[in-house]
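Here is what each chain is made of, one letter per residue.
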Amino acid sequence: MARRYVFAALLLGLPVAAQGGGNLEIRCVFQGAALEAAPILLNGTQVGSCPQAVLPMPSGKSKISIRVNQDDGTFLQYERSFQDSIPSPLEAALERFDPRVTLSLSTKAPGIYDSAIAPDNRLLAVGGSDGLLRLWDLGAAKELRVFKGHTKYIRSVAYSPDGKRIASGSGDATVRLWDAASGKELRSFKLAKSVWMVAFDTSGKNLLVIQLGGEALLLDADSGKTLKKWQTSSFLFSTALSPSGRTLVVGRSNGGVEFWDLANTRLVNQLELGGGPVYALAFSPDNRFLAVGRGSGEVRIYDLLAPGADQVVATLVGHTDAVSSLAFSPDGRWLASGSADRTVRLWELVPGEAPRLDRVWVGHTATLNSVYFRKNLLYTASNSGNILIWALPR
């Protein structure tokens, strides 16, 4: 079969990759099952069809591509480049890509570091890299007002539990508190360093603030009085707050994760991962699992109740650049991972089973800085200033 392919390619004047000796067997699969009748391309030239093809082993740089368009507007695709020899047999596992956007918002911000949706799911607060806080009506898909006050980028945005106030933390070393209905600035708290994260506690009376360099503060949201002050890691690179509001996790640039008990501001646990920065963190809604995004594009899921050696319950691969944002759905069924590769991967989590990739959403043109679920939708914001909203599978 390999000889027939080479002869036919030469006869038709098609390009033939240099041969490295032996044959390359390609097997096409989608979600564990064989895929039928899809063209297999080697460096842009068809060399066979799924479910299986055998061809001369190419040498040097090679690219294998397979794509099948679906009637619902999605497409199945496998694409991989090889610098040297290709492992044979090669299992080409296709993934579902979904370009269908439910709603696209062009916020006018040159970049978005963070955004937050109101508790009633009607309004969206967007923190811009230009220092402006923009409020959007999601039902009308229009900007309602712009809050001005910060002089540098807004790094973090949070709604109070009752939805009446919005807190924003900025590179100008201030936390500003806004009236959500009028846009009026209620108060401003001047800090020593740029703000990395701001969040209301579950009561809505206090603000948790993390500064660049790892210093943490608990502030009275009305007076600005410092209630607690402590030092987390100076290698601060990412943060997440548990749904219970009791635990703060800090991802470090040297590959570790710290767990802080907020009741007594005490370091209670650490994970030493190595291998470069921890880019993103997210708790499951029951506080039991922690998802960790790495620069390699890998996502690890840890069971925080399991013994140390058994804590890693899943390792998710597929992103081709750093995982920059993570979120679990409120019902725990889904995990979304946003990446510097400009894609969002949706993983289905079924108890007792390995996580399964449902689809890869495509459409963003820059790094994904925030992803979060509301009802049956996933909100995704990127450095491009755009917010894309996707409908979850039923």
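Residues numbered from 1 in each chain as written. Predicted model: local features only at pLDDT ≥ 70, side-chain atom pairs only at ≥ 80, totals over all residues. Heavy atoms only, no water.

Caption draft 1: The arrangement of the sheet that holds strand β10 (residues 112-117) in detail. Strand order in the open sheet made by the four strands is β10-β11-β12-β13, with antiparallel pairing throughout. The open sheet has two edge strands with one neighbour each: β10 and β13 (142-147). The mean inter-strand angle of the sheet, taken between neighbouring strand axes irrespective of direction, is 25°. The pairing of strand β12 (residues 133-137) with β13 spans five bridges and is antiparallel. From the neighbouring strand, R134 faces β13, where its bridge partner is V146. (Pairing = 2+ DSSP bridges. Helix = DSSP H or I, 4+ residues; strand = E, 2+ residues; numbered from the N terminus. Axes fitted to C-alpha atoms, helices over the stretch in contact; angles between N-to-C directions.)

Caption draft 2: Up close: the sheet that holds strand β28 (residues 299-303). If you walk across this open sheet you meet the four strands as β26-β27-β28-β29, and the pairing is antiparallel. The sheet is open, and its two borders are formed by β26 (278-283) and β29 (312-316), each paired with just one other strand. Across this sheet, the average inter-strand angle for adjacent strands is 20°, counted without regard to direction. Looking at chain direction, β26 and strand β27 (residues 289-294) are connected through five bridges and run antiparallel. Looking across to β27, one finds that L281 is bridged to V292.

Caption draft 3: Representation of the pairing of strand β14 (residues 154-159) in the model. With respect to burial, β14 is a largely interior element, five of its six residues being buried. Two strands pair when backbone bridges link them, and β14 and strand β15 (residues 165-170) are joined in this way by five bridges, in the antiparallel orientation. When the sheet's bridge partners are listed, A158 is paired in β15 with A167. Once β14 ends, the chain turns through five residues before running back antiparallel as β15, passing G163 with a positive phi of about 75°. (Buried < 20%, exposed > 50% of the residue type's maximum accessible area, 1.4 Å probe, protein only.)

Caption draft 4: Highlighting the pairing of strand β4 (residues 45-49). When strand β3 (residues 39-42) meets β4, the two strands line up antiparallel, connected through four bridges. Pairing of P39 across the sheet is with S49, part of β4. The loop that links β3 with its antiparallel partner β4 comprises two residues; one of these, N43, has a positive phi angle of about 55°.

Caption draft 5: Molecular detail of the nonpolar core. Ranked by internal contacts, the top residues of the largest apolar core, which has 23 residues, are I40, I64, I66 and L94. Elements that contribute at least two residues to this core include exactly β1 (19-30), β3, β5 (52-58), β6 (62-69), β7 (75-82) and β8 (90-98). In terms of residue count, β1 provides more of this core than any other element does, four residues in total. Beyond its immediate chain neighbours, meaning those up to four positions away, I64 contacts L24, I26, I40, L41, L42, Y78, E79, R80, F82, I86 and L90. Formed by 17 residues, the second largest nonpolar core is a distinct cluster that contains A280, A291, W347 and L349. (Core = buried A, V, L, I, M, F, W, Y, C linked by side-chain atoms within 4.5 Å. Contact = heavy atoms within 4.5 Å.)

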